[in-house]
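Architecture and fold: a report
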Amino acid sequence: MKLWNRLHHLVRRRSMERELKEEMSAHSALAEDRLRRDGMNSEQAHSAASRAFGNTTLALEDSRNAWAIRWLDELLQDCRFALRKMRRAPGTVVLAVLSLVVAFVPSVTLFSAMDRILLTPIPVSAPDEIVRVMFRDARPNADHPFELVSYPEFRDLRRSLSSVSGLAYQQQQGVITALNGQRELLWAQLVSDNYFDVLGVTIQPGIAFSQDRPNLIISHGLWMREFGGRSDILGQILPIFGQRFAIGGVAAPDFVGTDKLLTADLWIPVETWLQLEPQYRTMMERRDDREGIIWGRLRAGVQPEQVSAEVNGVVKGELSPNSPVLDRNLTGFAYAELAERERGGKVITAIGVFILAVLLAVACANVAGILLAQAEERRQETAIRQALGATRARLIRASLVESIMLSLFAAAIGLACARTLMNLLPGLLPALPIPIHFEFSIGPDVWLYVISLVCVSALFFGLIPAWRGSRPDLLTGLRRDFAVSILHAHIPIRSILIVAQVAAAEVLLFSAGLIFSSLSTLRQVDPGFDPSRPVAIATLVPTTEEGVPIQIDCEPILERLARIVGVRRVAYGWSVPLSGSIGYTVRLETPGQEPREILGGRAGPAFFSTLGVPFLAGRDLQDSDRQAVLVNATLARQLDPSGRVIGREIRLDGAIRQIVGVFHDAASGSVRDPVRPRAISLQPSRSAGEITFAIEVPGDPAAYVALLSSGLVAAHPGSTVMNSKTLRQLYEDSFFAERTATKAFYGLGLLSLLLTATGLYGISTALFARRSKEFAIRLALGAAPYQIMGLVLRGAVILTAGGLVLGLAIAIPIADLITSKVSGFSAWSMTALGLSCAIVITAAMAAAAHPVHRVLRIQPNDVLRSE
Amino acid sequence: MGKNNTPDFLPGTLEMLILRTLSFGPQHGYGIAQHIQQVSRDALKIGEGSLYPALQRLLLNDYVVAEWGASENNRRARFYRITAAGRRQLAQEKRSFDSLIAAIARVMEAT
């Protein structure tokens, strides 16, 4: 009640004070009336009444104090005072805020990413009871130590496993749908009908997969995004490749599939899918086409190991006899992946938060250094406040308020930067054919984290300067005696921190240099085609307006594209180098050799020549080459060590083909993949499914990319065009990971460099503040300015040198290790080493430059006179 | 600051006197001061510098409420009225004051 009255007063302050003043003047008037009645004249009465009343201002002040919330008033005072102080030293504020921002931005960004990816659990019930079942290749050096499960294998397992109460199937599938009159590419998951029951994911509204008609479940995100969360969507028709599916329900809000990064928006029962899209059946019925992820719900009391053992039994007994591709090396493997992921996520988050805390501690130590130097320079002011009666607690509080304000500024800027960064991140990824809807948001957990960040860091960097700066020693403070100083001796821990920071910056910059050089090394790997050719490509997914896949004839499209002004050559094909996918495998039979799997592929007439794939022998495919095939150099060597294979016949998937050309080993998935034997047959002109068109143009192909896609869309309205880019872009996109890593390491290196610089600046400034009088005396006694500058610089030089030595001690063994593994690397690593040292030294000297420069501005007379 | 506004009184007694005065009926500030002065036969003169802060404290604690009205000679004045909480406070303060006075008397009259 009392607090309420006080707050009420705070709000109505002005009017309440006006009333009080009026009341007091009424009081005087009544007293005057009385005195007049007692016989005084007006003038006497007035002065007597005023005398009796006393000091009106004091009475008002005391009345006001009765209401005031003292701590709040003082807090506001402290805030105003802090703002005034900051205005007077904007340089220091900018520096302190900057070093905090440097720590806050990665803190907030990483924490919100970890919060989203690692901490938010997947909304399944009892994740400890859910096991992921897969196959393990027990051989050492196996290409794929773990294997997914094919659909027929899943059916067998589902029939035979008794240790789980349910077994569910899931397979990622890109689909084309029509939403609000727009065609859209979405990620769907083909799932078994019991999928949501096994995982224990609720469907609200709606129910999971009813039997009466083809239906699917949509994600909560899609419901919100495309249907505005309308309640009447149940039963609405959503066409998938033109087939009519009814929306049966909406999955629980946070459920985007079992993978938080590769999210799904639709769940389609796999059996319904196979009925409506029979062309997928052949592929899905292959036992060796293992693309399914399967989940089992453990029966009560059953351990994952029992499931592994049971799967093992099924593999040995039941799966193998049916399996055309006999794989006796596979064993069963089941583990509670979701629960493990949850636990792992917590551990990784804890480690991440710890690393971020170290970063924050370093930044705070730097800010503390800057504030200590500032407190030293403000000693006189502090002493005056103490002389006027300010208590130590009050001074500490005022100083902490200033720290919290610095921290708040930094948090505001940090949050804004982190937000921008999060919005930028998806754009940094190479364009994916199917967009992944990944929302990066600042949720309540993140806000809590930011608030604790502000408070903890403010205490961390503010407390020591506040404590030391408020030390009550009036006389020395007022005299500004340099013999006694709050900074005392060097704080060794800060020096150690600076050394560690210099070392970290050095190692990070060096690593960035190494990754950059490994990128250069990768660039020297021959991609097997000529990225500099003026060629634009685009992939067409032919469908009708409703998204129904159709067969198309490529010839008319070629004619249409050839009419684009300037186009010199057009071609189509299916196998594009560096497309990220290695394509499919075919069975190769040659006389006198065991049948084996090699990579297959299809290309239209002159497709490879258009892409600039060099031919080692023979020629490219032609229109009439129904039975012809191209082989890569690796396959040619395997067939005949001399490589003379032109005209030879081989059997591919049972059909006889004649080799007409040998092409240079072109990288298939990426330049990092080892080259595998490969055979390319003719892509027929009439076909269904995606097909890539390439046009060779004069000059800059970038200008033709849009023309190519619009040409394709015009040829088949309703179709979807993806991956339209130039050959150069295709090549560059394949180095995305290395380029991103280089950027990330350079970013981190520059970040720690910035931290180091602020730290060094703080130390040098403190040194200058502490000894400015001594310097003045030395100058007055005839020391040359450069000698004094040397004194200031010495600290910075020693710390930087220490850090560089430590950094090199860490970096050189790494460089040695890499040099011994990769030939031709030593020159690069020496350059990277030299460059990183140069950057660190430059930054360190730049940080010390300002305090050193101040030496020049010392006026010995002025300083000594102020004694 | 603001701790010792009533140097002539024991702490809290001014508030008690004001509450007692108001227990006879609503009164404005001048009236309260006059009443205390008259009843104490000019022994207790309340300076306005003490009166108004004390009234503010009483308002803050909801022991009195204030409203504007007209004084006997038709001047606009602010009248204070004691509340139920104020009466309870008055009774309690009177009890502790009585025991204090009795204790002081015992000390002074001891032989």
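Quick notes on the rules
Residues numbered from 1 in each chain as written. Chains lettered and ligands numbered in written order. Predicted model: local features only at pLDDT ≥ 70, side-chain atom pairs only at ≥ 80, totals over all residues. Heavy atoms only, no water. Helix = DSSP H or I, 4+ residues; strand = E, 2+ residues; numbered from the N terminus. Buried < 20%, exposed > 50% of the residue type's maximum accessible area, 1.4 Å probe, protein only. Contact = heavy atoms within 4.5 Å. Areas by Shrake-Rupley, 256 points an atom, 1.4 Å probe, with all protein chains shown as cover. Pairing = 2+ DSSP bridges. Axes fitted to C-alpha atoms, helices over the stretch in contact; angles between N-to-C directions. Salt bridge = Lys/Arg side-chain N within 4 Å of Asp/Glu carboxyl O. Parallel < 35°, antiparallel > 145°, perpendicular 65-115°, else oblique. Left-handed = near helix turned anticlockwise from the far one by under 90°. Expected span 1.5 Å × (residues − 1). Core = buried A, V, L, I, M, F, W, Y, C linked by side-chain atoms within 4.5 Å. Buried area = accessible area lost by both parts, 1.4 Å probe. Nonpolar A, V, L, I, M, F, W, Y, C, P; charged D, E, K, R; others polar. Arc of directions from axis to C-beta. Phe/Tyr/Trp six-rings, centres within 6.5 Å; stacked < 30°, edge-to-face > 60°. Lys NZ or Arg CZ within 6 Å of the ring centre and 35° of its normal. Patch = residues over 30% accessible without salt bridge, like charges linked within 9 Å, V, L, I, M, F, W, Y side chains within 5 Å. pLDDT = per-residue confidence, 0-100.

If you tally the helices and strands in chain A, you get 27 helices and 25 strands. The 867 residues of chain A split such that 49% are buried. Put simply, 80% of the contacts in chain A that link residues at least 6 apart link residues at least 24 apart. Here chain A has roughly 40700 Å² of accessible surface; of this, 61% comes from carbon and sulfur atoms.

Moving on to the sheet that holds strand β3 (residues 76-82) of chain B. All names here are of chain B. One open sheet holds the three strands; their spatial order is β1-β3-β2, and the pairing between them is antiparallel. The open sheet is flanked by β1 (27-28) and β2 (64-70), the only strands paired with a single partner. For β1 and β3, the ladder comprises two bridges, and the chain directions are antiparallel. Its bridge partner lying in β3, His28 is registered against Phe79. Across the sheet, helix α3 (residues 48-60) touches β2 and β3, and the angle it forms with β2 is around 120°.

For the coordinates displayed, the defined rule picks out 35 salt bridges over all chains. Across the pair Arg78 of chain B and Glu19 of chain A runs a salt bridge whose closest N-O atoms are separated by 3.3 Å. Here Arg78 of chain B is found in strand β3, whereas its partner Glu19 of chain A is found in helix α2 (residues 13-37) on a different chain. Using a relative accessible area of 12% as the deciding quantity, one classes Arg78 of chain B as buried.

What follows is about unusual backbone geometry. Located in the positive-phi region is Asn723 of chain A, a residue other than glycine, with phi close to 50°. Here Asn723 of chain A shows up in strand β25 (residues 720-726). By relative accessible area, which is 32% here, Asn723 of chain A ends up partly exposed. Phi is positive for Asp42 of chain B, which is not a glycine, with a value near 65°. Mapped onto the elements of the fold, Asp42 of chain B is located in the loop between α2 (29-39) and α3.

Let's shift gears to the packing of helix α6 (residues 90-119) of chain A against helix α16 (residues 444-469) of chain A. Residue and element names in this part refer to chain A. Relative to each other, α6 and α16 sit at 150°, their axes nearing to 10 Å. With respect to each other, α6 and α16 are oriented roughly antiparallel. The two elements α6 and α16 cross, and the hand of that crossing is right-handed. Residues Leu100, Phe104, Ser107, Val108, Phe111, Ser112 and Asp115 of α6 form the contact with α16, whose participating residues are Asp445, Val446, Tyr449, Val450, Leu453, Ser457 and Phe461.

Attention now moves to α3 of chain B. Residue and element names in this part refer to chain B. Taking 1.5 Å per residue as the helical rise, α3 with its 13 residues ought to reach 18 Å, and the 18 Å between its terminal C-alpha atoms agrees with that figure. Listed in full, the buried residues belonging to α3 are Glu48, Ser50, Leu51, Tyr52, Pro53, Ala54, Leu55, Gln56, Leu58, Leu59 and Leu60. Looking one or two places after α3, you find Asp62, whose phi comes out positive at around 65°.

All names here are of chain A. In this structure, Ile218 and Leu266 are the most contacted members of the largest nonpolar core, which totals 48 residues. Looking at which element gives the most residues to this core, the answer is strand β3 (residues 164-179), with six residues. Leave out the neighbours within four places in its chain, and Ile218 touches Trp223, Phe227, Ile233, Leu238, Ile247, Gly249, Val250, Ala251, Asp265, Leu266 and Trp267. Core analysis: the second largest hydrophobic core is formed by 38 residues, Met86, Val97, Met114 and Leu453 among them.

Before going further, it helps to spend a moment on the environment of Tyr704 of chain A. Residue and element names in this part refer to chain A. As for its placement among the helices and strands, Tyr704 is situated in helix α22 (residues 702-715). Assessed through its relative accessible area of 14%, Tyr704 is described here as buried. Excluding anything up to four places from it in sequence, Tyr704 contacts Ala536, Ile564, Val565, Gly566, Val567, Ile695, Val697 and Pro698.

Moving on, we get to the interface of chain B and chain A. Each side of the interface is counted separately: chain B has 26 residues, and chain A has 26 residues. Between chain B and chain A, a total of about 2400 Å² is buried, with carbon and sulfur atoms accounting for 54% of that surface. Together, Tyr30, Tyr52 and Leu60 of chain B form the three largest contributors to the area buried by chain B at its contact with chain A, with a combined 29%. Inspection of the region where chain B meets chain A yields four salt bridges. With a shortest N-O distance of 2.7 Å, Arg76 of chain B and Glu22 of chain A are connected by a salt bridge. Broken down by secondary-structure element, the contributors of at least two residues to the side of chain B that touches chain A are α2, α3 and β3 of chain B. Of the residues forming the side of chain B that touches chain A, the biggest block, nine residues, is contributed by α3 of chain B. Tallied by class, residues from the side of chain B that touches chain A come to 10 nonpolar, 10 polar and six charged.

Residue and element names in this part refer to chain A. Look at helix α5 (residues 70-88): 27 Å from first C-alpha to last across 19 residues, which is about the 27 Å you get at 1.5 Å a residue. Burial in α5 covers these residues: Glu74, Asp78, Phe81, Ala82, Lys85 and Met86. One side of α5 holds all its buried residues, which, seen down the axis, span an arc of 135°.

Residues and elements named next belong to chain A. Under the defined criterion, the tally for this structure stands at 14 aromatic pairs over all chains. Put simply, the rings of Tyr195, Phe196, Phe255 and Trp267 touch in pairs and so form one group of aromatic residues. Above the ring of Phe81, the side-chain terminus of Arg385 is found at 4.5 Å from the ring centroid.

So, on to a nonpolar patch on the surface. Taken together, the side chains of Val347, Ile351, Phe354, Ile355 and Val358 of chain A define a hydrophobic patch exposed on the protein surface, amounting to about 490 Å² of accessible area. For Val347 of chain A, the position within the fold is in helix α13 (residues 337-377).

Residue and element names in this part refer to chain A. Across the interface, α2 lies against helix α3 (residues 42-53) with an axial gap of 8 Å and an inter-helix angle of 130°. Relative to α3, the element α2 is oriented oblique. Judged by the twist between their axes, the crossing of α2 over α3 is right-handed. Contacts between α2 and α3 pair Met24, His27, Ser28, Ala31, Glu32, Leu35 and Arg36 from the former with Ser42, Ala45, His46, Ala48, Ala49 and Phe53 from the latter. Here the residues of the contact of α2 with α3 are counted per class, giving seven nonpolar, four polar and two charged.

A few words now on the pairing of strand β20 (residues 649-652) of chain A. All names here are of chain A. Of the two faces of β20, only one is covered, namely that formed by Ile650 and Leu652; the face formed by Glu649 and Arg651 stays uncovered. Taken together, the two bridges between strand β15 (residues 585-589) and β20 define a ladder with antiparallel strand orientation. Note that in β20 the partner of Glu589 across the bridge is Arg651. Relative to strand β21 (residues 655-663), β20 runs antiparallel, the two sharing four bridges. When the bridges of β21 are listed, Glu649 appears paired with Gln658. What sits between β20 and β21 in their antiparallel hairpin is a turn of two residues, with Asp653 showing a positive phi close to 50°.

A separate point is the confidence of the model for chain B. Residues and elements named next belong to chain B. On average, residues of chain B score 84 in pLDDT, and 90% of them are at 70 or above. The model gives residues 1-7 a pLDDT under 50, and that stretch makes eight contacts with residues more than four places away or in other chains. Scoring of the predicted complex yields 0.65 for pTM and 0.84 for ipTM.

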